[in-house]
Amino acid sequence: MLGWKQLAGPRAARRRVSEGYNRSLKQGLFITLEGIDGSGKTTQLHRLETLLTDRGYAVTLAQEPGGTRVGREIRRLLLDAASSDLRPIPELLLYFASRAQNVEEVIQPALREGRVVLADRFTDATVAYQGYGRELGVPAVRQVESVACQGVQPDLTILLEIDIETGVRRALHRNAEQSDDESRMEQESREFHERVAKGYAALLAADPERVKKIDGRGSIDEVATRIEAEVDLFFAKSSAEPGG
Ligand code: ADP
């Protein structure tokens, strides 16, 4: 089966850059935001949604793990502080169960319609959190991915970099303002968060063409400006590549 990534190449990006407003892509583009908890993914996801919508792109949000009804049910189990009895392997399978639903219900249809799909967290997060953080190893994650994701991978991944203390502080502050308790990940040990950060660093080293590191420090506006520059570079580079 031809993967969507092969279909959504530079030609689509060039068409999109040259068409001005109300741009419509023959094939969609998939952009993900990654990074440790509190690095600003969800905040920047909405900023990027506004930016691209203002530029005339049709944008679909495919948030993880709560973007579908099934995903929201699974999210409750995954993030609830009361789920401390959840074991690492069922946790891995639950993340991919939610993602598989997201791929079929939201992501693939949107990409087929030529939309830009934005997600905060995708398989990279599972490599970092379950592969490295829970020490299940990358091969186990890749095995489940091969069934769950049907070849869907991001075109561009923005990796927000922030130190662990700042991330945990921001995440705890956010959770204190929310009514539901989703603090399970923030309660993990420092060693766990260090392993996760190591996992993200390994993903960056393995795929520097796709994964772009962005400094997550500073104000929300400052980070948004950095992301905008990287997204602009991505579109410019895509449109400059030969053979599209
Ligand atoms: P993530 O999705 O990576 O866990 P969030 O976007 O939910 O992170 O941000 C966590 C908390 O930090 C939120 O309360 C958010 O408003 C705040 N926040 C996000 N970006 C910044 C920033 N650049 N500076 C200060 N606070 C931020």
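As a starting point, this report considers the structure included with it.

## Thoughts on the overall build of the chain
(1) Moving on: A tally of helices and strands in the chain yields 10 helices and 5 strands.
(2) Moving on: Long-range contacts, defined as pairs at least 24 residues apart, comprise 78% of the intrachain contacts of the chain with a sequence gap of at least 6.

## Quick word on unusual backbone geometry
(1) Moving on: A positive phi angle is found at Glu135, which is not glycine, with a value near 60°.
(2) Moving on: Glu135 sits in the exposed class, given 10 other C-beta atoms within 10 Å.
(3) Moving on: Phi at Gln150 takes a positive value of approximately 50°, unusual for a residue other than glycine.
(4) Moving on: Mapped onto the secondary structure, Gln150 falls in the loop between α7 (138-148) and β4 (156-161).

## Concerning the environment of Arg47
(1) Moving on: Looking at the element boundaries, Arg47 is found in helix α3 (residues 41-54).
(2) Moving on: Separated by 174 residues in the primary sequence, Arg47 and Asp221 have C-alpha atoms spaced 8.9 Å apart.

## Focus on the sheet that holds strand β2 (residues 59-61)
(1) Moving on: Strands sit in the order β2-β3-β1-β4-β5 across an open sheet of 5 strands; the sheet is parallel. Looking at the sheet topology across the chains shown, the edges are occupied by β2 and β5 (211-215). Here the strands of the sheet are splayed against their neighbours by 20° on average, with no regard to which way each runs.
(2) Moving on: For β2 and strand β3 (residues 116-120), the ladder comprises 3 bridges, and the chain directions are parallel. Looking at β3, one finds that Val59 is bridged to Val116.
(3) Moving on: Its contacts with the sheet place helix α5 (residues 88-112) against β1 (29-34), β2 and β3, and it is angled at close to 155° to β3.

## Remarks on the packing of α5 against α7
(1) Moving on: Packing of α5 against α7 leaves a shortest axis separation of 10 Å and a crossing angle of 25°. What the angle tells us is that α5 and α7 run roughly parallel. Once α5 is placed against α7, the crossing between them reads as right-handed. Contact with α5, carried on its side by Leu92, Leu93, Phe96, Arg99 and Ala100, involves Ala140, Val141, Val144, Glu145 and Ala148 of α7 and no other residues of that element.
(2) Moving on: Partitioning the contact of α5 with α7 into residue classes produces 8 nonpolar, no polar and 2 charged.

## Description of the site of the ligand
(1) Moving on: Not every one of the 16 residues close to the ligand is listed here, only the nearest: Gly40, Lys41, Thr43, Arg170 and Arg174.
(2) Moving on: When contributions to the shell around the ligand are tallied by element, the ones reaching two or more residues are α3, α8 (164-177) and α10 (220-240).
(3) Moving on: Among the elements that line the shell around the ligand, the one with the most residues is α8, at 4 residues.
(4) Moving on: Classifying every residue of the shell around the ligand by side-chain character gives 3 nonpolar, 8 polar and 5 charged.

## Here's the deal with the nonpolar core
(1) Moving on: Counting residues in each nonpolar core, the largest one holds 46 residues, and the members touching the most others are Ile107, Val117, Leu118, Ala128, Ile158 and Val196.
(2) Moving on: It is α5 that contributes the most residues to this core, 8 residues altogether.
(3) Moving on: If we ignore the near neighbours within four places in the chain, the residues touching Leu118 are Ile31, Leu45, Leu48, Glu49, Val59, Leu61 and Ala62.

## Observations regarding the environment of Ile162
(1) Moving on: The topology assignment puts Ile162 in the loop between β4 and α8.
(2) Moving on: With 54 residues separating them along the chain, Ile162 and Gly216 place their C-alpha atoms 5.2 Å apart.
(3) Moving on: In contact with Ile162, other than residues within four places in its own chain, are Gly35, Ile36, Gly38, Ser39, Gly167, Gly216 and Arg217.

What counts, and at which threshold
Residues numbered from 1 in each chain as written. Predicted model: local features only at pLDDT ≥ 70, side-chain atom pairs only at ≥ 80, totals over all residues. Helix = DSSP H or I, 4+ residues; strand = E, 2+ residues; numbered from the N terminus. Contact = placed C-beta atoms within 7 Å. Buried ≥ 20, exposed ≤ 12 C-beta atoms within 10 Å, placed from the backbone. Pairing = 2+ DSSP bridges. Axes fitted to C-alpha atoms, helices over the stretch in contact; angles between N-to-C directions. Parallel < 35°, antiparallel > 145°, perpendicular 65-115°, else oblique. Left-handed = near helix turned anticlockwise from the far one by under 90°. Nonpolar A, V, L, I, M, F, W, Y, C, P; charged D, E, K, R; others polar. Near = placed C-beta within 6 Å. Core = buried A, V, L, I, M, F, W, Y, C linked by C-beta atoms within 7 Å.

Treat this as a map of the structure, not an account of what it does.
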